[in-house]
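Spelled out from the first residue to the last, the chains are:
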Amino acid sequence: MTSVQPSTQSDPQSHKKAKALKPGSRRPAKELCSECGLCDTYYIHYVKEACAFLNQQIPQLEEQTHGRSRNLDNPDDWYFGVSQDMMAARKQAPIEGAQWTGIVSSIAIEMLNRGMVEGVICVQNTKEDRFQPMPVIATTPEEILAARVNKPTLSPNLSVLEQIEQSGLKRLLVIGVGCQIQALRAVEQELGLEKLYVLGTPCVDNVTREGLQKFLETTSRSPETVVHYEFMQDFRVHFKHEDGSTETVPFFGLKTNQLKDVFAPSCMSCFDYVNSLADLVVGYMGAPFGWQWIVVRNDRGQEMLNLVMDQLETQPVMSQGDRKNAVQQSIPAYDKGVTLPMWAAKLMGVVIERVGPKGLEYARFSIDSHFTRNYLYVKRNHPEKLADHVPPYARRIVAQYKLPE
Ligand code: FAD
Ligand code: SF4
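Not measured: the values here are computed from a predicted model.

Procedures and definitions
Residues numbered from 1 in each chain as written. Chains lettered and ligands numbered in written order. Predicted model: local features only at pLDDT ≥ 70, side-chain atom pairs only at ≥ 80, totals over all residues. Heavy atoms only, no water. Helix = DSSP H or I, 4+ residues; strand = E, 2+ residues; numbered from the N terminus. Rg over C-alpha atoms; globule rule 2.2 N^0.38 Å. Buried < 20%, exposed > 50% of the residue type's maximum accessible area, 1.4 Å probe, protein only. Contact = heavy atoms within 4.5 Å. Areas by Shrake-Rupley, 256 points an atom, 1.4 Å probe, with all protein chains shown as cover. Lys, Arg positive; Asp, Glu negative; His and termini not counted. Charge placed at Lys NZ, Arg CZ, Asp CG, Glu CD. Near = heavy atom within 4 Å. Polar contact = N/O pair within 3.5 Å; in protein donor to acceptor, adjacent residues only side chain to side chain. Axes fitted to C-alpha atoms, helices over the stretch in contact; angles between N-to-C directions. Parallel < 35°, antiparallel > 145°, perpendicular 65-115°, else oblique. Left-handed = near helix turned anticlockwise from the far one by under 90°. Nonpolar A, V, L, I, M, F, W, Y, C, P; charged D, E, K, R; others polar. Phe/Tyr/Trp six-rings, centres within 6.5 Å; stacked < 30°, edge-to-face > 60°. Lys NZ or Arg CZ within 6 Å of the ring centre and 35° of its normal. Core = buried A, V, L, I, M, F, W, Y, C linked by side-chain atoms within 4.5 Å.

J.: Is there a simple way to think about the overall build of the protein chain in this case?
T.: Summing up its helical and strand segments, the protein chain has 16 helices and 13 strands in all. On C-alpha atoms alone, the protein chain measures out to a radius of gyration of 20 Å, which is about the 22 Å that the 2.2 N^0.38 rule sets for 405 residues. For the protein chain, the spread of C-alpha atoms along the three principal axes comes to 60 × 50 × 45 Å. When the 405 residues of the protein chain are sorted by exposure, 57% land in the buried category. Intrachain contacts of the protein chain at a sequence separation of at least 6 include 71% that bridge at least 24 residues. For the protein chain, the accessible surface area stands at approximately 17300 Å², while carbon and sulfur atoms represent 52% of it. When the 44 positive and 47 negative side-chain charges of the protein chain are each reduced to one mean point, those points stand 4 Å apart.

See the structure below:
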């Protein structure tokens, strides 16, 4: 399965005859399903080609989207994908309550205000639960702002796609993570749009709503009051609580043995951490502490970033340290579910923060750690998928390390 647009040749509207799956029913990707939302719409018609977990086709879709796929002779391309610019940035006036400084929400608001798009797919939360995702098509700045901050759970962002075709919207911005964007790119030509912009974030270690509860209860001193958390560049998880206080827990102190099964199987088998198919990616891991990291993949991405440049403070990306030993040592430790006592974890956190990888090297550390772990996961749990599912750039990354059997 490699073709991107197979079904259009016969009947361009044929997908409308397909039926969305009922909520809770088993998805075609079975346990690997990331609940991206595609199967909640009649675009399920294309699922065999479009699903990120049934048909990995990142190089072909990169070619379609950016005009070229990753250059396998360039290690920066292995890690960060196709790009034409990269920088560290932060908003001069951060948006209160955003995940970082609110660059994502600001770009979306500008695009709507200037008429570049008529609607924005983004994800708010339900009234009852701040972490329960509720995808929407926002058509006002207030609705975009209501979607700020991460919902750190699998989110069916594409479940609103049917409404796009029905509403007659022709210019659209989609905000989403890698697996959602892969499926979106595969059905892009079927959506009847004149213009599609894609604003992505990196994504890793996502969880179901129940998995999130277990993570919070195992890791935070007060799981009920957490409003926001992030695995930060200082090797600590930062929890923000309702009363504004911050709690930090060193990565090396996480109860790996209890948390091993928390991450969704989709995320344990994902090799698209950096959202290869978005026009513009806004994360944090390639930037110094407190800054966001921006990757411009193509001209559409540059057009989007230009809209907010006057609201940003920027600096060039930097890279410091050498991640390789730390990654190699963490592979067997994770594999065996080793958990350090808290005093040792704190000490290790302090040392590694001082001498450890920074900037782009920190991003490489995180990508290496996750790709080696995920490669082992796929090899052990879905060996039949290993050959087709792991993209060529990820193989090069993993091949730098010695893995246990
Ligand atoms: P805001 O202005 O607060 O806007 C956040 C946007 O994210 C909103 O528009 C909302 O629609 C969208 N969103 C929220 N939750 C989801 C979701 N579950 N699925 C799809 N879209 C969503 N960056 C890194 O550099 N390294 C990481 O390891 C990393 N892990 C992440 C894991 C998850 C699950 C998510 C959702 C994001 C992750 N990011 C990561 C991105 C980072 O945390 C910020 O989202 C990004 O830097 C944007 O911050 P902001 O303040 O500009 O966003
Ligand atoms: Fe369907 Fe998306 Fe799940 Fe794949 S990941 S089975 S496309 S809902």
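So much for the structure itself; the text now carries on.
J.: Just to check I follow, could you spell out the site of ligand 1 for this structure?
T.: Taken together, 33 residues sit near ligand 1, with Trp100, Ser105, Asn150, Lys151 and Tyr284 positioned nearest. Note that an oxygen atom of ligand 1 is positioned 2.9 Å from one of the backbone N or O atoms of Val123. A distance of 2.8 Å separates an oxygen atom of ligand 1 from a polar side-chain atom of Glu230. Taking 930 Å² as the accessible area of ligand 1 by itself, protein coverage stands at 97%. Elements with a contribution of two residues or more to the shell around ligand 1: helix 4 (103-113), strand 2 (119-125) and strand 9 (280-283).

J.: Help me understand the packing of helix 12 (residues 324-335) against helix 14 (residues 360-381) in this model?
T.: Between helix 12 and helix 14, the least distance of the axes is 10 Å, while the angle of their chain directions is 40°. Relative to helix 14, the element helix 12 lies oblique. The chirality of how helix 12 crosses helix 14 is right-handed. Contacts between helix 12 and helix 14 involve Ala326, Val327, Ser330, Ile331, Tyr334 and Asp335 from the former and Phe365, Asp368, Ser369, Thr372, Arg373, Leu376 and Arg380 from the latter. Here the contact of helix 12 with helix 14 is composed, by residue class, of six nonpolar, three polar and four charged.

J.: Even after reading the chapter, I still don't get the packing of aromatic side chains, so can you show me in this structure?
T.: Remark: the centre distance and the inter-plane angle together describe each pair of aromatic rings, the angle taken between the planes. Under the counting rule described, the total for this entry stands at 16 aromatic pairs. Ring centres 5.3 Å apart and planes at 70° place the aromatic pair Phe271 and Phe371 in the edge-to-face group. Taken together, the residues Phe271 in the loop between helix 10 (265-268) and strand 9 and Phe371 in helix 14 connect sequence positions 100 residues apart. Considered together, Phe271 and Phe371 belong to a single accessibility category, that of buried residues. The cationic tip of Arg70 hangs over the ring face of Tyr393; the distance from NZ or CZ to the ring centre is 3.5 Å.

J.: What is the right way to read the nonpolar core from this model?
T.: Buried together is how nonpolar side chains tend to be arranged in soluble globular proteins. Ranked by internal contacts, the top residues of the largest apolar core, which has 94 residues, are Leu38, Leu161, Leu184, Met285, Trp293, Ile367 and Phe371. Residues contacting Leu184, with those up to four places away along its chain left out, are Leu158, Leu161, Val174, Leu191, Leu196 and Val198.

J.: Is there a simple way to think about the environment of Pro332 in this case?
T.: Within the secondary structure, Pro332 is located in helix 12. Using a relative accessible area of 33% as the deciding quantity, one classes Pro332 as partly exposed. For the pair Pro332 and Leu403, spaced 71 residues apart in sequence, the C-alpha separation works out to 8.0 Å.

J.: I'm lost on unusual backbone geometry in this one. Help?
T.: Residues other than glycine seldom take positive phi values, yet Glu35 does so here, at roughly 55°. Its location among the elements puts Glu35 in the segment before helix 1 (47-50). You will see that Phe235, though not glycine, has its phi angle at about 65°, which is positive. Tracing the backbone shows Phe235 in the loop between strand 6 (226-231) and strand 7 (236-241). The buried category is assigned to Phe235, whose relative accessible area is 1%.

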